[in-house]
Amino acid sequence: MKMRAALLGAVAVMGLAPAAFAERGTDGEVKLTFPQAVSIMNPYLTGGTKDIYASSMVLEPLVGLDPQGVMVPKLVTEIPTKENGGISEDMTSITWKLIPDLKWSDGTPVTADDAVFTWQYCTHPEGGCSQATKFEGIASVEAVDPQTIKVTFNGPKANPYTAFVSALSPVLQKKQFEACLGAAAPTCTDANNMPIGTGPFKVTGFTVNDTVSMAMNENYRDPAKPAFASAVIKGGGDAEGSARAVMETGEFDYAWNTQIPPDTQASMLAAGKGQFVVAFGTLVERIEMNMTDPSAELPEGERATAKHPHPILSDIKVRTALSMAIDRSVLVEVGYGAGGKPTCNVIPAPDDWASDNTACLTQDMEGAKKLLDEAGWTDSDGDGIRDKDGKKLHLLYQSTVNPIRQDFQALVKDWWTELGVEVELKAIDPGVFFGGDPGSPDTFQKFYADVEMYANNSDSPDPEVYLGQYQCKNAPSPETQWQGENINRFCNPDYDKLYAELGGVTDVAKRQEIAKKLNDMVTKDSMVVVPLVHRGTLSAHSNSLGGVQINAWDSEMWNVADWFRVK
Amino acid sequence: MLTFTLRRLLLAIPTLLVISLVIFLLVDLAPGSPMSEIPLTVPPETRQKMIEALGADQPVFVRYFLWLRQFFWVEPAYVIDHWFGTSWAEGEQRILSWQSRSPVFTIIGQRLPQTMIVIGTAYLVGILIALPIGIYSAYRQYSLFDQGGTLFAMIGFSVPTFFSGTLFIIIFAVWLGWFPTKYDTTLNVTDWDSFLKQIRQMALPVMTLGLANAATISRYMRSSMLDNMTQDYVRTARAKGMTERIVVLKHVLRNSLIPVVTVIALGIPSIFGGAIITENLFGVNGIGAALIGAIHASDLPMVQTLAFIFAVLIVLFNLIADILYGFLDPRIRYD
Amino acid sequence: MTDATPAPQTAAPPKPASAAREIWQQFRTHKGALFGLIVLSCLILFVLVGPLLWDPPQRLSDTIRMKNQGPSLKAPFGTDQLGRDMLLRMMQAGRVSLAVGLVAMTIAIVFGTLIGTLAGYFRRLDGPLMRLTDMFLALPLIPLLLVMVMLFRDRIASLIGPELGAFTLIVFAIGITSWMATARIVRGEVLTLKEREYVLAARSIGSRPNRIIRRHILPNVVSPVMVAATLGVAEAIITESVLSFLGLGFPPDFPTWGRLLYDGLQYMQVYPERVVWPGVAISLTVLSVNYIGDGLRDALDPRIRGR
């Protein structure tokens, strides 16, 4: 499957998509199903992937990303670079040129003003824009002329391709959203549910958290596309039900996010109606080690803060031993099958950005035991559990409620028990775990446990923002209302220094080198983050749907204009 | 009876206000945040801004009174405006869902028909199956029919709907291919064909829910009938030479209905509340699916409004049950 | 075992020894009830003694190679996706599920009957108690449970230990959220019963309410209460599985029947036996409780007993 996805991707880049000879609107309806229903079609007011993917069929950014993470022009004539003069020599501005005669689906022309407006919309202080980071560091967006957009940064910007790049930050129509700035943003129900866009489809009907009905956009820039006259996205149910509706009953053409056990995948595949496709982004399932003491005996306000280092996990030998005892290939086999691969990196992709760190891939139980002996943890009373200075080697291992995570917990507990570690498991409702409510003891930021497992990823191929999480200042604490992304409270001045350096480097090869170093510092050098599985997103499409190129860097519907009915 | 009804209705107002406050505090206190479904890639500062834009950072009582005002003043005014073209609600903020930014009552309006049609039908089917089974099982206690009915009922309520629903999908949709697994909410019934389509897509959720409802109600019906079968008045009626039909259907049945009426009345608000699991499984966009989605997303305005409407229905139907008791058994007096 | 079965009888009046024997005599003649009693006893034996006799390999590193196997001599119920023996898991799960089901049901029934009787018999209490019932019916279940966990889990755990704490919290949570239907039904019955001739007669000779309720009212509401009890067991077992999905239940390595059923669901097509075992176990429990309830009701009914 991986091979197939890669091959398809290669074909797409060369522009040989077989839909090219189809005519617009001749292939009837394409039906998609999402396990989570679409709530809103305006990506700036939601962070939900389901909403962003659905809106990507209607709203478009200036440039998208292809399955390899390479930029492809959508509304612009070319990608601005230093060489073609699109980016100023001092890296403080970038200039985009719109394709001539571009029209919104209502027939009005797309102009640079729309992009300027989009910037104002998302940066309005009362708007609560979820993609505000995409517009960070921008001093102004101007319309030089109706076709030309100039984005000026506050200073030299190493990675200028953030605003208007990928489905996360598309261009909105000024006319439609003009009255929706700032505090008024949520009140524009019609605009938020049925935005006018430049994409291959336009919204014709929207029921909240249920169905989005779409028809082809007659004003789409390529007169031969889309092949489908209409599209519908039905939401709700679960991953298994969505997969079944494509793979077994054939009611739907495409199902996004069908994460089901490998055995069930195989049996659905046997029905012969469709296939699974998988895209690997940077999503990594990992175990995070708590560097601070989460003991309930500490007073509230000091518990799990930098004041008290973790009594067991502060020792790198213990952390290393715990990682060595894990057999990652078994985890992949049990939980993800073709939808995952073992990894030792926080940044596992794209290939140019990923470190060559593979040492953790082989399980070494004996080595791990030896390390624990060296660290002074021995089983002195013969009860099978190691201890040191009268303290038992006991760990609380928490994660969210999810069948695969519970299987992982059981397996890891088994390996660690063999090491002589006593493991207590805990599973928390994901809404509570990721909710970040400072009043709840069970959020992943509070980390009132010794180790915890979840998945995280970078939302762009360039991982600068993502790597910024592990800076000292980002540690959650009572002072920050337990907000912050440095979940482990990892703090290494060298890391912070190197990270600061990354912000000033514009040479891509140099950036990659630094990113790899940073990746190694939190993984193999310190074992603070123990990556387990590089997870792909698994989707399913019917055999009669052609042109699908699954994409982890942009919306999975990034090339929906090229989809067609196999006859 | 009338004074009783009026008194109860008046008493319902403070009761409901207290309930609404308790629900509000409960939902607010529950851990979780409207940001829990936002990917981790969105940084904390942006999250904070989004929460502020929702107004979710306001003190709890400010938000409660805002909700009260919106629910009892803005929304009715909006409806009046809509009907009579007045402009009372001009410039007023309606209750907006945090998750979708759509007015909560628009969402309810979109979803109510599905809930009523699918869940209501399932409930009706359940009652229609349950009553005869219950009556006949009791009449012929320990007969083969009774034993069969017992087994059916036991299976009906010991297997949860998430299990029976999936089983029905595999049998009737995957193997036999008779029914679709996903409910198409955009289907308009305009002619015979679309009507058939509607029936087909309703079949699986109605079966799943009907089975569960029938199982419960038939047990109460049977046990209540059994209690009354041995009463003296039954013997008297038989002694007077009445036909079995009249004895059973008129005398015993009427007196057996009290617990059954309670169960049915308790169940009717739950039609509105929807069948959370079943709706989710089959993609029926009913109220239940909306409620569970809103709870998971900590969408307080949505949860609060739905839970409150639910509370109103519960209070209302319990009152109706009480009035029905009086009709079924004239000896019951409330005043 | 026999002394454990009349548990629902806690609400029934204390009878002289001869009456108890009489009830037992009547109960014994009820074939269904006897069957129910035997099945339930077997289930309890199965989960209590079973794990002592059946000892398959439990280290996952040993079992992982035998994952997803069908029933065989080595693993009569097959193995799950991690190669764990399903028979052993069913036994371990049954301990929790049976205990939770029976105890939570008892709490709900006792509490519901108490509220229902008080509300139905004393007009003054009717209003407040029924409004309380309305409120509990109206509260959204999931936030209620989440709040309960947040407030009480750590406190209870620090008092009586994590496992017993989890058990107490689960049983309490299920009990507190499932007594309302019983209360409403019992109240409805009591409203009619208290106007019956024999109750009026008892009142006219000056019997105290306490005595009237115990001697004349309670024995006559046994029948709907028994149905509620049967439903209650099934619901409690299923609700427990819902609770564990909110992180409220036992730690994730504690299997329960409800959880096995839910976990097996996504493998239903490939390995159907995975859902059949817990499904059958829950159904058997419910069925046996139902028959015991049937027998108990007949045994408590003086008119039938006399026959």
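A brief structural summary.

Calculation criteria
Residues numbered from 1 in each chain as written. Chains lettered and ligands numbered in written order. Predicted model: local features only at pLDDT ≥ 70, side-chain atom pairs only at ≥ 80, totals over all residues. Heavy atoms only, no water. Phe/Tyr/Trp six-rings, centres within 6.5 Å; stacked < 30°, edge-to-face > 60°. Helix = DSSP H or I, 4+ residues; strand = E, 2+ residues; numbered from the N terminus. Buried < 20%, exposed > 50% of the residue type's maximum accessible area, 1.4 Å probe, protein only. Lys NZ or Arg CZ within 6 Å of the ring centre and 35° of its normal. Pairing = 2+ DSSP bridges. Axes fitted to C-alpha atoms, helices over the stretch in contact; angles between N-to-C directions. Contact = heavy atoms within 4.5 Å. Parallel < 35°, antiparallel > 145°, perpendicular 65-115°, else oblique. Left-handed = near helix turned anticlockwise from the far one by under 90°. Nonpolar A, V, L, I, M, F, W, Y, C, P; charged D, E, K, R; others polar. Disulfide = S-S within 2.5 Å.

Notes on the packing of aromatic side chains
Point 1. Following the criterion strictly, the structure yields 40 aromatic pairs over all chains and no others.
Point 2. Here Phe71(B) and Phe308(B) contribute two aromatic rings whose centre-to-centre distance is 5.1 Å and whose plane-to-plane angle is 85°, an arrangement assigned as edge-to-face. With Phe71(B) in helix H3 (residues 60-84) and Phe308(B) in helix H12 (residues 300-328), this pair connects stretches of sequence that are 237 residues apart. For the pair Phe71(B) and Phe308(B), a shared accessibility class is recorded, and that class is buried.
Point 3. Taking 4.0 Å as the distance between ring centres and 10° as the angle between the ring planes, the aromatic pair formed by Phe77(C) and Trp277(C) counts as stacked. Note that Phe77(C) is positioned in the loop between helix H3 (60-63) and helix H4 (86-121) and Trp277(C) in helix H12 (residues 273-300), a separation of 200 residues in sequence.
Point 4. In textbook terms, an aromatic cluster arises when at least three aromatic residues are bridged by ring pairs, as seen for Phe24(B), Tyr64(B), Phe65(B), Trp67(B), Phe71(B), Phe72(B), Phe105(B) and Phe308(B).
Point 5. Cation over ring: Lys341(A) sits above Phe280(A), and NZ or CZ is 4.1 Å from the ring centre.
Point 6. Over the aromatic face of Tyr78(B) sits the side chain of Arg94(B), whose NZ or CZ is 3.7 Å from the ring centroid.

Quick notes on the sheet that holds strand E6 (residues 148-153) of chain A
Residue and element names in this part refer to chain A.
Point 1. Judged by pairing direction, the sheet is antiparallel, and its three strands sit side by side in the order E4-E6-E5 without closing on themselves. Across the chains shown, the open sheet's two edge strands, defined by having one partner strand only, are strand E4 (93-97) and strand E5 (138-145). Neighbour-to-neighbour, the strand axes of the sheet open up by a mean angle of 15°, direction not taken into account.
Point 2. Where helix H3 (residues 112-123) meets the sheet, it contacts E5 and E6, and its direction lies at approximately 165° from that of E5.

Section: the packing of helix H11 (residues 287-296) of chain B against H12(B)
All names here are of chain B.
Point 1. Where H11 meets H12, the closest approach of the two axes is 8 Å, and the angle between their N-to-C directions is 140°. Considering their axes alone, H11 and H12 lie oblique with respect to each other. Viewed along their axes, H11 and H12 form a crossing whose handedness is left-handed. Only Met302, Val303 and Leu306 of H12 make contact with H11, whose side of the interface consists of Ile287, Ala290, Leu291, Ala294 and Ile295.
Point 2. Among the residues making up the contact of H11 with H12, the classes are represented as eight nonpolar, no polar and no charged.

Structural notes on the state of the cysteines
Residue and element names in this part refer to chain A.
Point 1. According to the stated counting rule, one finds four disulfides over all chains in the structure shown.
Point 2. Put simply, Cys122 and Cys129 are joined by a disulfide, and their sulfur atoms are 1.9 Å apart. Here Cys122 and Cys129 share a disulfide; its torsion about the S-S bond, -75°, makes the bridge left-handed. As far as the burial class goes, Cys122 and Cys129 line up, both buried.
Point 3. The disulfide that involves Cys344 links it to Cys360, with 1.9 Å between the sulfurs. Its torsion about the S-S bond being -100°, the disulfide of Cys344 and Cys360 is classed as left-handed. Of the two residues, Cys344 is situated in the loop between strand E12 (340-342) and helix H10 (365-374) and Cys360 in the loop between E12 and H10; the sequence distance between them amounts to 16 residues.
Point 4. In this structure Cys360 comes out as buried when scored by relative accessible area, which is 11%.

Take it as geometry only, folks, not as evidence of what the structure does.
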